[in-house]
Amino acid sequence: MKIIAINGSPNEKGGTYHSLSQVCKALEENGVETEILHIGAHNFHGCKHCGGCFKAQNRACVLKDDFNEFAAKIYDADGIILGSPVHFAGMSGMMKTFCDRLFYVSTANGNQFYQKVGAAITSVRRSGGVTTVDSLNHYLQYSGMMMAASNYWNVVHGNGGEQVLRDVEGMQTMHMLGEQMAWMLRISKEGNPPAAPKKVYMNFIRD
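Residues numbered from 1 in each chain as written. Predicted model: local features only at pLDDT ≥ 70, side-chain atom pairs only at ≥ 80, totals over all residues. Heavy atoms only, no water.

Let us now look at the state of the cysteines. Each disulfide consists of a covalent bond between the sulfur atoms of two cysteine residues. Throughout the structure, instances matching the rule amount to zero disulfides. Between Cys-53, a free cysteine, and Cys-61, which holds the nearest cysteine sulfur, the sulfur-to-sulfur gap is 6.4 Å. (Disulfide = S-S within 2.5 Å.)

Before going further, it helps to spend a moment on empty space enclosed by the protein. Scanning the model with the defined rule gives one cavity of 30 Å³ or more in all. Approximately 100 Å³ is the volume attributed to the largest cavity. Forming the walls of the largest cavity are 13 residues, and the residues nearest its centre are Cys-47, Cys-50, Cys-53, Cys-61 and Tyr-104. Broken down by element, the residue count for the lining of the largest cavity peaks at three residues, all from helix 4 (residues 93–108). Looking at the lining of the largest cavity residue by residue, the class counts come to eight nonpolar, three polar and two charged. (1 Å grid on protein atoms, 1.4 Å probe; cavity = no way out; pocket = protein on both sides within 12 Å on 5 of 7 lines; lining within 4 Å. Points joined across faces, edges and corners; volume = space filled by probe spheres on them. Helix = DSSP H or I, 4+ residues; strand = E, 2+ residues; numbered from the N terminus. Nonpolar A, V, L, I, M, F, W, Y, C, P; charged D, E, K, R; others polar.)

Here we come to the packing of aromatic side chains. Applying the stated rule across the entire model yields nine aromatic pairs. A network of ring pairs unites the aromatic residues Phe-44, Phe-67, Phe-70 and Phe-98 as a single cluster. Lying over the aromatic face of Tyr-17, Lys-13 brings its terminal NZ or CZ to 5.0 Å of the ring centre. It is Lys-199 that lies over the ring of Tyr-201; its NZ or CZ is 5.8 Å from the centre. (Phe/Tyr/Trp six-rings, centres within 6.5 Å; stacked < 30°, edge-to-face > 60°. Lys NZ or Arg CZ within 6 Å of the ring centre and 35° of its normal.)

Shown next, in the form of structure tokens:
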């Protein structure tokens, strides 16, 4: 079993990284392999809504940048953790760009995340953490994922870097989140979840 953690911060080893590391530590203690992917410093284009991924049906985006290399690894995992710093009470711009494409291509290819385990976390200096986690959760909910929770909102406080490690309640929240994800992964492997249905689309305004 493997979980991919996505670090959407421009800072590779900032508060988001250390928060994700705490979740990954708990997962590994429970026999789950983890990997943190730092996407925040890469050059990704925004989704152009061209529909190329629907035509290609190869789990790839037609735009030429670093996206597909990351996406293939994420789609093959048993679950994901979306991690972002807080920028103006929301996720980072690069995280938004990446997630839009990641989940759009997934939808175009039969929903690569259906019934997998997912969670979202954020690192914040002061406020805006809950709204950011809520925005990240929208991707997980849309994809029919099993959403893991902890004993508080998945927000860690600190002014970047290792300062977040001094948020003892936040660190406990991250550790319990990892334990919950490991437990849900075991359940998902023992069960027989239904296959993802073909997505039905309906426009509210029709000619």
